[in-house]
Amino acid sequence: MFYLFHFTSVRKCWARDYQERIMKKNITEKLTVKKIHGIPYIRVIRGIGIINEFPAHNHKQLCIGIILTGTRAMTFGGDTTTYKKNDMFIINPEQVHTCTTPGNTPHSYIVITLDTAAVNITENIFFRNIIARSDGICAGFTRLISVIESGVPLLEKESLIHSFIEIILPLY
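Let us look at the structure shown here. For clarity, every value in this text was computed on a predicted model and none was experimentally measured.

### What about the overall build of the protein?
In terms of regular secondary structure, the protein is built from three helices and ten strands. Each helix and strand of the protein, ordered N terminal to C terminal, gives the series α-β-β-β-β-β-β-β-β-β-β-α-α. Relative to its 172 residues, the protein shows a buried fraction of 41%. For the protein, the proportion of contacts with a sequence separation of at least 24, taken over those separated by at least 6, is 71%.

### Considering the environment of G140
In this fold, G140 is placed in helix α2 (residues 135–148). When its relative accessible area of 25% is taken as the criterion, G140 is described as partly exposed.

### Quick word on α2
Taking 1.5 Å of rise per residue, 14 residues should cover 20 Å, and α2 covers 20 Å from first to last C-alpha, within 8% of that figure. Residues I137, C138, F141, L144, I145, V147 and I148 constitute the buried set of α2.

### Quick notes on the packing of α2 against helix α3 (residues 154–168)
Viewed as axis vectors pointing N to C, α2 and α3 meet at an angle of 160°, and their least axial separation amounts to 10 Å. As summarised for this structure, α2 and α3 are arranged roughly antiparallel, according to the angle between their axes. As α2 packs across α3, the resulting crossing turns out to be left-handed. Taking contact as the criterion, the partners of I137, G140, F141, R143, L144, V147 and I148 in α2 are, on α3, E156, K157, L160, I161, F164, I167 and I168. Grouping the constituent residues of the contact of α2 with α3 by class yields ten nonpolar, one polar and three charged.

Conventions we followed
- Residues numbered from 1 in each chain as written.
- Predicted model: local features only at pLDDT ≥ 70, side-chain atom pairs only at ≥ 80, totals over all residues.
- Heavy atoms only, no water.
- Helix = DSSP H or I, 4+ residues; strand = E, 2+ residues; numbered from the N terminus.
- Buried < 20%, exposed > 50% of the residue type's maximum accessible area, 1.4 Å probe, protein only.
- Contact = heavy atoms within 4.5 Å.
- Expected span 1.5 Å × (residues − 1).
- Axes fitted to C-alpha atoms, helices over the stretch in contact; angles between N-to-C directions.
- Parallel < 35°, antiparallel > 145°, perpendicular 65-115°, else oblique.
- Left-handed = near helix turned anticlockwise from the far one by under 90°.
- Nonpolar A, V, L, I, M, F, W, Y, C, P; charged D, E, K, R; others polar.

This is the structure in structure tokens:
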């Protein structure tokens, strides 16, 4: 099944067109959204083998992601940054952006979305869109994804979410 997470209402038609283009091209892209039981303010989104462009859109939630394979170009306010394997990125709530795949080579990524009110991040914080390469932050994010998707107790999951947010907040 193919899922797209929150896009503005204008994007509903685009999502249908996107799905039709994938089927016509016989592309094996997979974009999934996973709800985390007991933690309604977080989702895990996985894009596997993504090659198509995502035109200008926004999300209601804070999105924190990492590129797993390939490269992905993202444009925020006219400025384009190319992210490669192990690069992390942040998309602020309601921040309009586009996503493309340089060279039409598939890329894969994982993103967590957070309802900022639920994790006590005030609306006036605006993250820069790239996290400086840091093995420690990448390892922390990878561990966060692993724990969120595991069967550990909810308190441990929520504690790790808040700890990770506290680690990245001072960087911005």
